[in-house]
Amino acid sequence: MIDSIEGRHAEMLQIISDLRAMMTMQQLKILPTAKTAHQLICELSDKMKAHIADQDAGIYPDLLVHEDAKLKSMAWGFINGQKPMRSQFDAYHQKWLKECDFNFTEEFLSDTHELFKMIEERIERETKVLVPTLRSAGMYEQSIAAH
């Protein structure tokens, strides 16, 4: 379970890194680059949504019933942190990706970089808080034994 979390983190961070290289007005004026950026942003969004759904199904239920109050509290913190993320993803998709319009603006770049920052902050929190807590609680070994 933890290995898959870390793998997804690496994939999403790589996509963000690749996108940052092409997220300039000059680059986005090149239609194939704009299409690729659009596809990568959609892929990133799908990966983040799947990541959150996997955690909702595979991690948080166990933590919410764990006897350790610290683990329960941490789970609620991550669950509550997902609500604004989901809203921001949905708003971003509706605004920028729904119509497949590749006429990107400065506002698009700003919104996209804000989305990247939100994802990076979430990954950093999971890397520094969630994963080490799961490991120290022995949750990682339990996940392997259960599969």
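Predicted model only: the values in this text are computed from it and were never measured.

Undergrad: Quick one: what's the story with the packing of helix α1 (residues 2–22) against helix α3 (residues 31–58), residue by residue and with numbers?
TA: Contact pair α1 / α3: the axes reach a minimum separation of 10 Å and the direction vectors enclose 155°. Between α1 and α3, the angle falls in the class roughly antiparallel. Regarding α1 and α3, the two cross each other, and that crossing is left-handed. Contacts from Ile5, Arg8, His9, Glu11, Met12, Ile15, Ile16, Asp18, Leu19 and Met22 in α1 reach Thr33, Thr36, Ala37, Leu40, Ile41, Glu43, Leu44, Lys47, Met48, His51, Asp54 and Gln55 in α3.

Undergrad: Lay out the side chain of histidine 51 with the relevant residues and their values.
TA: Within the secondary structure, histidine 51 sits in helix α3. Residue histidine 51 is classed as buried on the basis of its relative accessible area, which comes to 0%. Here arginine 8 takes part through its side chain, which lies 2.9 Å from a polar atom of the side chain of histidine 51. Within polar-contact distance, the side chain of histidine 51 engages the side chain of glutamate 126 at 2.6 Å. For histidine 51, the residues in contact, after removing those within four places along its chain, are Ile5, Arg8, His9, Met12 and Glu126.

Definitions and cut-offs
- Residues numbered from 1 in each chain as written.
- Predicted model: local features only at pLDDT ≥ 70, side-chain atom pairs only at ≥ 80, totals over all residues.
- Heavy atoms only, no water.
- Axes fitted to C-alpha atoms, helices over the stretch in contact; angles between N-to-C directions.
- Helix = DSSP H or I, 4+ residues; strand = E, 2+ residues; numbered from the N terminus.
- Parallel < 35°, antiparallel > 145°, perpendicular 65-115°, else oblique.
- Left-handed = near helix turned anticlockwise from the far one by under 90°.
- Contact = heavy atoms within 4.5 Å.
- Buried < 20%, exposed > 50% of the residue type's maximum accessible area, 1.4 Å probe, protein only.
- Polar contact = N/O pair within 3.5 Å; in protein donor to acceptor, adjacent residues only side chain to side chain.

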